[in-house]
Amino acid sequence: MQPVGAVVPLKVDIAEKTFRSARGVSITALQDLSFEVRQGEFACLLGPSGCGKTTTLRILLGLDKDFSGSFQLPQGGSNRIAAVFQEPTLLPWRTVEQNVRLALPKSLRAKNLDGLFDTLGLAGMRSLYPAELSLGLARRAALARAFATEPAVLFLDEPFVSLDEQTAERLRHLLLTVWSARPTTALMVTHNLREALMLSDRIIVLAPRPTHVLGVFDVRLPRQHRNSQVMSDLLRSFHHRFPDVT
Amino acid sequence: MTALGTDGTRDAPPSMSGRRSLATALVPALTVAVSLLALCLLWNLAASVWPSRAFPGPAQVWQVLLREAANGDLFYHLGVTLGRVAAAYIVAMIIGSVIGVLLGSYRRVDRFFNPWVILFLNIPALVVIVLGYIWFGLNEAAAIGAVAVNKIPNVVVTMREGARTLDPSYAEMATVYRFGRLDRIRHILLPQLQPYLAAASRSGISLIWKIVLVVELLGRSNGVGFQIHLYFQLFDVAAILAYTLAFVAVMLFIELLLVQPVERHATRWRRRPA
């Protein structure tokens, strides 16, 4: 399928982001962080915990405006952004389907979502409230919400954290299925190297605080060929290039 | 242990659970009826031990109630008072909620206006009513406004607490997905504030109707408060009690038929407590 509309890549050029603590101590979280995600590409930001990945994402989502530098989001097509947060962040007082539809612009509110719900295995759960879902199912609903909006760019903030490995693996495959149906420029934050190698076209490796880009690791192999043999090869060459990153 | 019991009914055969749920539905209603009946008997007993014009028994009060209902006075005055209660309630809830949410969301604004809130919380209802009538005349707007001003600070305090508990992650989700202003209020803000709205409403209605009576007593020529004032001058305690109990009954029906169903609907997404 054709990637929709987007012609400009995701371009990030953050000069500095500083947090000031209550006592007036300032901590530089990001410094000279710049990278690019090509249009229609799935990229991962890989780095250790607490290295400012989520901060970067919050800046790109427009939730944190207190930084110096600039970034450019993919333009064209819908111009919308979508996010899958660390927590599912579903409204507990609305059903799964209402949660998904509320995120849609008015013109798309009535659109047919059967296919998306079927793919994500949520067909029977559209009228349930989030409290009635397991964490895994709630995350699927959060994925459904993000993909339903047909965004120009998709941000994912460790969407599979605190799930057991089996559930996380199932969800990764589901993510790939819905993503492949409509390849969208996507940026995912993760500290899980295997996850990054399995999902992405390019891995942007971050150094710890103040965060900057250590290097970029491109995975050119199509995803369907990434079996366990290939994965261990990828892992080895990754470790060869970035010996300090685990 | 009670949790086990209620779970147990779910596994029981359908006929059994049906009968048992009917019984569990009836028991609280019966308890209320028996409890009220006991109160009436006690009242009757006391009235016959100390017979006095100032302390009529339930039978006398009932007779006055029937008389007033038959000539239409009762429903007219109940209706007028109920209208004032509703108007003051709506005005107080809307203005109080808006101010409360603003104060709860902006700390600097709160710091500045907090003394005002404390001041208004502590102005006696009577003073507000008297000043209202002096400044704005003996009219309906002054009456309802005075009642609302008495209630607004309470709503502000409750809703301010509510606004402080708002979860920013929902607001951020709404920003990312570009929710409109109305959608934000309806789907993000109000559901989070619902328990606080319910608390403010509950304490609000009972407070408001008591103040409405004072307003009617001081400056209106109809309503339950006016009637009570009239019968006070005639020293007719039976009529005073008749009007009071009739209005309490009205408020009880509002609680059962309006407030509770609305609340059940608003909290349908919460898991039922075991």
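What counts and how
Residues numbered from 1 in each chain as written. Chains lettered and ligands numbered in written order. Predicted model: local features only at pLDDT ≥ 70, side-chain atom pairs only at ≥ 80, totals over all residues. Heavy atoms only, no water. Pairing = 2+ DSSP bridges. Helix = DSSP H or I, 4+ residues; strand = E, 2+ residues; numbered from the N terminus. Axes fitted to C-alpha atoms, helices over the stretch in contact; angles between N-to-C directions. Contact = heavy atoms within 4.5 Å. Buried < 20%, exposed > 50% of the residue type's maximum accessible area, 1.4 Å probe, protein only. 1 Å grid on protein atoms, 1.4 Å probe; cavity = no way out; pocket = protein on both sides within 12 Å on 5 of 7 lines; lining within 4 Å. Points joined across faces, edges and corners; volume = space filled by probe spheres on them. Nonpolar A, V, L, I, M, F, W, Y, C, P; charged D, E, K, R; others polar. Domains from an automatic or database assignment. Buried area = accessible area lost by both parts, 1.4 Å probe. Salt bridge = Lys/Arg side-chain N within 4 Å of Asp/Glu carboxyl O. Polar contact = N/O pair within 3.5 Å; in protein donor to acceptor, adjacent residues only side chain to side chain.

Draft legend 1. Quick look at the sheet that holds strand β4 (residues 68–72) of chain A. Residue and element names in this part refer to chain A. Read from one edge of the open sheet, three strands run β2-β1-β4, paired in antiparallel fashion. Where the open sheet ends on each side, the last strands, each with one partner, are β2 (26–37) and β4. Strand after strand, the sheet turns through a mean of 15° between neighbouring axes, direction not considered. The pairing of strand β1 (residues 10–20) with β4 spans five bridges and is classified as antiparallel. Following the sheet pairing, Val12 is matched in β4 by Phe71. Across the sheet, helix α1 (residues 53–60) touches β1, β2 and β4, and the angle it forms with β1 is around 115°.

Draft legend 2. Quick peek at unusual backbone geometry. All names here are of chain A. Positioned with a positive phi, Asp32 is a non-glycine residue whose angle comes to about 45°. Relative to the helices and strands, Asp32 resides in strand β2. The backbone of Glu150 shows a phi angle near 45°, a positive value even though the residue is not glycine. Take Glu150: it is sitting in the loop between α4 (135–148) and β6 (153–157). A relative accessible area of 30% places Glu150 in the partly exposed class.

Draft legend 3. Representation of the environment of B:Gln60. Considering the arrangement of structural elements, one finds B:Gln60 in helix α3 (residues 58–70). Sequence separation between B:Gln60 and B:Ala171 is 111 residues, and the spatial gap between their C-alpha atoms is 59 Å.

Draft legend 4. Looking closely at the layout of surface pockets. Residues and elements named next belong to chain B. Size it by volume and the largest pocket reaches roughly 880 Å³. In terms of lining residues, the largest pocket is bounded by 30 residues, among which Tyr89, Ser201, Val259, Val262 and Glu263 are the most central. Within the residue set of the lining of the largest pocket, elements represented by two or more residues are α4 (73–105), α9 (181–219) and α11 (237–266). Within the lining of the largest pocket, the residues separate by chemical class into 20 nonpolar, four polar and six charged. Volume-wise, the second largest pocket comes out at about 740 Å³. In this structure, the second largest pocket is lined by 24 residues; those nearest its centre are Val101, Ile185, Leu189, Leu190 and Leu193.

Draft legend 5. View of the domain arrangement of chain A. Residues and elements named next belong to chain A. Assigned domains of chain A: these are domain 1 (1–80 + 151–162 + 178–246) and domain 2 (90–149). Each partner contributes to the interface: domain 1 provides 11 residues, whereas domain 2 provides 11 residues. Approximately 910 Å² of surface area, both sides summed, lies buried where domain 1 meets domain 2, with 69% of it carried by carbon and sulfur atoms. Counting across the domain 1 and domain 2 interface gives zero salt bridges. Joining domain 1 to domain 2, the criterion identifies three residue pairs in polar contact (both at pLDDT 80 or more). Elements with a minimum of two residues in the side of domain 1 that touches domain 2: β6 and α5 (165–181). Considering only residue class, the side of domain 1 that touches domain 2 consists of eight nonpolar, one polar and two charged.

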